[in-house]
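Below, each chain spelled out in residue letters.
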Amino acid sequence: METKMNLENIPVQELIKSALLARKKSYSPYSSFQVGAAVLTVDNRIYTGCNIENAAYSPGICAERNAIYKAVSEGVRKFLAIAVVGGAKDEPDTYAFPCGVCRQVMREFTKPEEFVIIVAKSTEDYRIYTLEELLPDSFGPDHLA
Ligand code: THU
């Protein structure tokens with residue numbers, strides 16, 4: 001799979017720190033799985049989000065979509081990278097991979113072969129992928145153009 005991953009302009013540590021801070025706001029009384037995300041825009045801004053659950057379950061939203069939708073609702077639609085942290089414990093002890101729905105939302109606003117996804121337990125312990133790796137052979141806006 002051809003990847004164009006370029007980490008030169010990605011502040012990996014800062015994104016993870018922002019995601020860890022956002023995770024503290026998680027409202028997840030039903031799953032107890034707290035997630036935080038921080039998305040980097042092409043003009044170097046960071047938008048954060050946490051997961052928000054609901055007693056009726058289906059209105060809940062993931063941290064990644066929350067962060068991306070916050071940016072989009074402010075007119076920002078171009079993104080370079082996202083960091084995601086999550087887990088049931090105070091300190092994440094697992095890599096929280098974006099769910100399929102969030103991957104599809106990333107597909108809407110990014111170039112899959114370039115968009116960087118950082119899944120982290122801490123600023124020292126993380127893995128890096130492109131969206132193309134996590135969502136191969138995908139369907140997106142270009143198919144409807
Ligand atoms: N969750 C996220 O926030 N991001 C993901 O990519 C996976 C799942 C949230 C949704 C729900 O509030 C909790 O984690 C358990 O699924």
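In this text, all values refer to a predicted model and were calculated from it rather than measured experimentally.

A closer look at helix α1 (residues 12-23)
Here is step 1 of the chain: Given a rise of 1.5 Å per residue, 12 residues ought to cover 16 Å, and the 17 Å separating the end C-alpha atoms of α1 matches this to within 8%.
Here is step 2 of the chain: Three or more residues of α1 are buried, namely Val12, Leu15, Ile16, Ser18, Ala19, Ala22 and Arg23. The buried side chains of α1 occupy one side of the element, clustering within an arc of 160° when seen end-on. Summarising the geometry of α1, the exposed residues directed more than 90 degrees from the buried face are Lys17 and Leu21.
Here is step 3 of the chain: Along its buried surface, α1 packs onto β1 (34-41), β2 (46-50), β3 (79-87), β4 (116-120) and β5 (126-130).

Some remarks on the sheet that holds β2
Here is step 1 of the chain: The sheet built from 5 strands is open, its strands ordered β2-β1-β3-β4-β5 with mixed pairing. The strands lining the two open edges of the sheet, one partner per strand, are β2 and β5. Taking the axes of each pair of neighbouring strands and ignoring which way they run, one obtains an average angle of 15° across the sheet.
Here is step 2 of the chain: As defined by bridge partners, β4 adjoins β5 across 5 bridges and the pair is classed as antiparallel. Note that in β5 the partner of Val116 across the bridge is Thr130.

Remarks on the site of the ligand
Here is step 1 of the chain: Around the ligand sit Ser31, Phe33, Val35, Asn51, Glu53, Cys62, Ala63, Glu64, Phe97, Pro98 and Cys99, and those are all the residues in its vicinity.
Here is step 2 of the chain: Taking Glu53, its side chain carries an N or O atom lying 2.5 Å from an oxygen atom of the ligand.
Here is step 3 of the chain: Protein chains shield 75% of the accessible area of the ligand, which is 370 Å² for the free molecule.
Here is step 4 of the chain: Looking at the shell around the ligand, its residues break down into 7 nonpolar, 2 polar and 2 charged.

A closer look at the nonpolar core
Here is step 1 of the chain: Residues Val39, Ile68, Phe79, Ile82, Met106, Phe115 and Ile117 are the most contacted members of the largest nonpolar core, which totals 24 residues.
Here is step 2 of the chain: Those elements that provide at least two residues to this core are β1, α2 (63-72), β3, α3 (100-109), β4 and α4 (131-134).
Here is step 3 of the chain: The element contributing the most residues to this core is α2, with 4 residues.
Here is step 4 of the chain: Ignoring anything within four residues of it in the chain, the contact list for Ile117 reads Ile82, Pro98, Met106, Arg127, Ile128, Tyr129, Leu131 and Leu134.
Here is step 5 of the chain: Among the nonpolar cores identified, the runner-up in size contains 13 residues, and Ile16, Ala38, Val85 and Ile118 belong to it.

Quick look at the packing of aromatic side chains
Here is step 1 of the chain: The final tally for this structure, using the stated rule, is 3 aromatic pairs.
Here is step 2 of the chain: Stacked on the ring of Tyr95, the Lys or Arg Lys121 has its end atom at 4.6 Å from the ring centre.

Digging into the pairing of β4
Here is step 1 of the chain: Counting buried positions over the 5 residues of β4 gives 5, a clear majority of the element.
Here is step 2 of the chain: Because side chains alternate across β4, one face comprises the buried residues Val116, Ile118 and Ala120, and the other comprises Ile117 and Val119, equally buried.
Here is step 3 of the chain: As defined by bridge partners, β3 adjoins β4 across 5 bridges and the pair is classed as parallel. Paired with Val85 across the bridge in β4 is Ala120.
Here is step 4 of the chain: Once you follow β3 into α3 and on to β4, the crossover reads as right-handed.

Each value, and the rule that gives it
Residues numbered from 1 in each chain as written. Predicted model: local features only at pLDDT ≥ 70, side-chain atom pairs only at ≥ 80, totals over all residues. Heavy atoms only, no water. Helix = DSSP H or I, 4+ residues; strand = E, 2+ residues; numbered from the N terminus. Expected span 1.5 Å × (residues − 1). Buried < 20%, exposed > 50% of the residue type's maximum accessible area, 1.4 Å probe, protein only. Arc of directions from axis to C-beta. Contact = heavy atoms within 4.5 Å. Pairing = 2+ DSSP bridges. Axes fitted to C-alpha atoms, helices over the stretch in contact; angles between N-to-C directions. Near = heavy atom within 4 Å. Polar contact = N/O pair within 3.5 Å; in protein donor to acceptor, adjacent residues only side chain to side chain. Areas by Shrake-Rupley, 256 points an atom, 1.4 Å probe, with all protein chains shown as cover. Nonpolar A, V, L, I, M, F, W, Y, C, P; charged D, E, K, R; others polar. Core = buried A, V, L, I, M, F, W, Y, C linked by side-chain atoms within 4.5 Å. Phe/Tyr/Trp six-rings, centres within 6.5 Å; stacked < 30°, edge-to-face > 60°. Lys NZ or Arg CZ within 6 Å of the ring centre and 35° of its normal. Right-handed = clockwise from strand over helix to strand, strands pointing away.

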